[in-house]
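# Survey of secondary and tertiary structure
This is what each chain is made of:
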Amino acid sequence: MFGLMQSQPLLISSLLVHAERHHPEQEIVSRRVEGDIHRCTYRDLASRSRRMARALQALNIKPSDRVATLAWNGYRHMELYFAVSGIGSVLHTVNPRLHPDQVVWIADHAEDQVLFFDLTFLPLIAAVAPRTKTVKHWVAMTDRAHLPESAASIPNLLVYEDLIAGQPDDTFEWPTFDEQSASSLCYTSGTTGNPKGVLYSHRSTLLHTMAAALPDALNCSARDVILPVVPMFHVNAWGLPYVACMTGAKMVFPGGALDGKSLYELFESEKVTLSAGVPTVWQALLGHTAANNLKFSTMRRTVIGGSACPPAMIRTFKEQYDVDVIHAWGMTEMSPLGTASTFKTRHLGMTQEERYEVMNRQGRAIFGVDMKVVDEDGREIPFGTDKSGDLLVRGPWILRQYFKGEGGDVLRDGWFPTGDVAKIDAEGYMLITDRTKDVIKSGGEWIGSIDLENIAMAHPAVAMAACIAAKHPKWDERPLLVVVKKPGAEVTREELIAFYDGKIAKWWTPDDVVFVEAIPLGATGKMQKNKLREQFKDYQLPTA
Ligand code: AMP
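The sections below set out a description of the structure shown in this document. (Residues numbered from 1 in each chain as written. Predicted model: local features only at pLDDT ≥ 70, side-chain atom pairs only at ≥ 80, totals over all residues. Heavy atoms only, no water.)

### A word on the overall build of the chain
Scanning the chain from terminus to terminus reveals 17 helices and 25 strands. Taking 2.2 N^0.38 as the reference for a compact globule, 544 residues should give roughly 24 Å; the C-alpha atoms of the chain span a radius of gyration of 24 Å, in line with that estimate. Taking the principal axes of the C-alpha coordinates as reference, the chain spans close to 75 × 65 × 50 Å. Expressed as a percentage of contacts within the chain between residues at least 6 apart in sequence, the contacts between residues at least 24 apart total 66%. For the chain, the exposed surface amounts to about 23,100 Å²; the carbon and sulfur share of it is 52%. (Helix = DSSP H or I, 4+ residues; strand = E, 2+ residues; numbered from the N terminus. Rg over C-alpha atoms; globule rule 2.2 N^0.38 Å. Contact = heavy atoms within 4.5 Å. Areas by Shrake-Rupley, 256 points an atom, 1.4 Å probe, with all protein chains shown as cover.)

### Some details on the packing of aromatic side chains
Scanning the model with the defined rule gives 13 aromatic pairs in all. When the centroid spacing of 5.9 Å and the interplanar angle of 75° are considered together, the rings of phenylalanine 116 and tyrosine 160 count as edge-to-face. Of this pair, phenylalanine 116 sits in strand E5 (residues 112-117) while tyrosine 160 sits in helix H6 (residues 160-165), and the two are 44 residues apart along the sequence. The same class applies to phenylalanine 116 as to tyrosine 160, namely buried. Measuring from ring centre to ring centre gives 6.3 Å for phenylalanine 267 and tryptophan 282, while their planes differ by 35°; the resulting arrangement is tilted. Linking phenylalanine 267 in helix H10 (residues 260-269) with tryptophan 282 in helix H11 (residues 279-291), this pair joins segments that are 15 residues apart in sequence. Residues phenylalanine 267 and tryptophan 282 agree in their burial class; the two are buried. Three or more aromatic residues joined by ring pairs make a cluster, and in this case those are Tyr264, Phe267, Trp282, Phe296, Phe317 and Tyr321. Here lysine 196 stacks its cationic end above the ring of tyrosine 402, 5.1 Å away from the centre of that ring. (Phe/Tyr/Trp six-rings, centres within 6.5 Å; stacked < 30°, edge-to-face > 60°. Buried < 20%, exposed > 50% of the residue type's maximum accessible area, 1.4 Å probe, protein only. Lys NZ or Arg CZ within 6 Å of the ring centre and 35° of its normal.)

### Some points on empty space enclosed by the protein
Considering all chains together, one arrives at four cavities of 30 Å³ or more under this definition. Considering only enclosed or pocket space, the largest cavity measures out at about 120 Å³ in volume. Every residue lining the largest cavity is counted, 14 residues in all, and those nearest its centre are Arg32, Val33, Gly74, Tyr75 and Asp118. Secondary structure elements with two or more residues in the lining of the largest cavity: strand E1 (27-31) and helix H3 (75-86). For the lining of the largest cavity, the element with the highest residue contribution is H3, accounting for three residues. Residues of the lining of the largest cavity, tallied by class, amount to four nonpolar, five polar and five charged. If you add up the space inside the second largest cavity, you get close to 40 Å³. (1 Å grid on protein atoms, 1.4 Å probe; cavity = no way out; pocket = protein on both sides within 12 Å on 5 of 7 lines; lining within 4 Å. Points joined across faces, edges and corners; volume = space filled by probe spheres on them. Nonpolar A, V, L, I, M, F, W, Y, C, P; charged D, E, K, R; others polar.)

Interpretation note: all reported values are geometric properties and have no functional meaning in isolation.
Put into structure tokens, the structure is as follows:
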């Protein structure tokens, strides 16, 4: 017997309909590439998304067709999130930090039909446009007055505001279709081989949105002002544009100005309460606030994930800025949210030092994500065992297969292997100790590189630290610490090695330290340890 409740497909357009109906006056503020601050409301967002949807249909874009963006965080990008998915087409957000060859490869692989781009990326578009196979229209995300003359070289160029202006906003209704239909496509950064596409559905996106907004996840409400620093081309800005519509939160978009000064100004002028981004972004911001003795007057929490948040950063946010870090973990393959480190009642009575221990972990699973850690033989390691293993996940917003079947069958007995090495404590709090590819195998034992990096990051002279495996004649591999010093700061190899004393098992201590000008960062702001390993592949460790 079926239940007797209404059945409505879970569609992305319903988020927009809700936002327009219940939060029409709520604001969306964007720093534009045109140079100014732009303000609009959810009513405007809904109206302009409908008109863009019509324009796409007029360009003969059909359900399942891929429509790409190469764009910063801004209101036009958000309109495309709803216009494209709303008509059943697939929004393909391309990472503009990729090499032009990769952009061409991805656009061809996705068979993009239209590509929308911010003016910043005009040179990139000029380089890739003659080479892509399927793109029929290139749309500059601006108005005609701001279109530079150099854009004339782009074939089949259209202007965003012309497309909107050319359509009425009267009788358009969002179509209804199967909630399992594809809605958006995001390629993983993939350190080796070709990038692989993760194809989200309307259903997976809606379920992820509901879970992501919960108090023990990102904790969003209509009273929030959210500034996603995490780009809309990195797993849909961790779902925040959808969460904002669902909750009616005010949205603030930083555009391409991601330096500490520009971000800080926007945090303060728009009274941002919640932000989200990878640790490297916060480092730049905290550098700016510390140098200028600034505090945040409204921001009280920030989501940090994408790579491990150094405990020193969590402490700095709390003690110097009264900002709680929500340490979160996820992956492109997981829409992305898997865990968030939020307290249980028991933790409320703890000292701040004990609470840091909880916050430093990547957190507990949000409902919808099941996770387990298995040993080398695939046997589950029970929660509460102090032993790490491969982390596997499953759930309705977790990938089943890559786009076009790339990589073959990826699931193991229905579980997705994350490629992360982790342990889970008795209360379900997960701690990532490494990426499978980054673990250091010393004398047959594993050394977790993240722990070693976190300790180095707590040293006042260290701006960034990566720990990689260096070849060792006796132990096979030993940890080598690669360090970028803070501007003007001094520290020696010996001082850094001594800094590990008492903080870690003696045999985990790095064998050597090298100082570098910069550590290579990937397209989503993560340290590229594979590049460092290549750079130091012949490094001779001291043998004494
Ligand atoms: P991406 O799909 O590019 O977002 O990368 C996902 C990977 O980033 C995960 O598999 C982890 O290795 C890493 N990652 C994400 N969040 C965290 C975190 N909070 N701590 C440690 N690693 C993380």
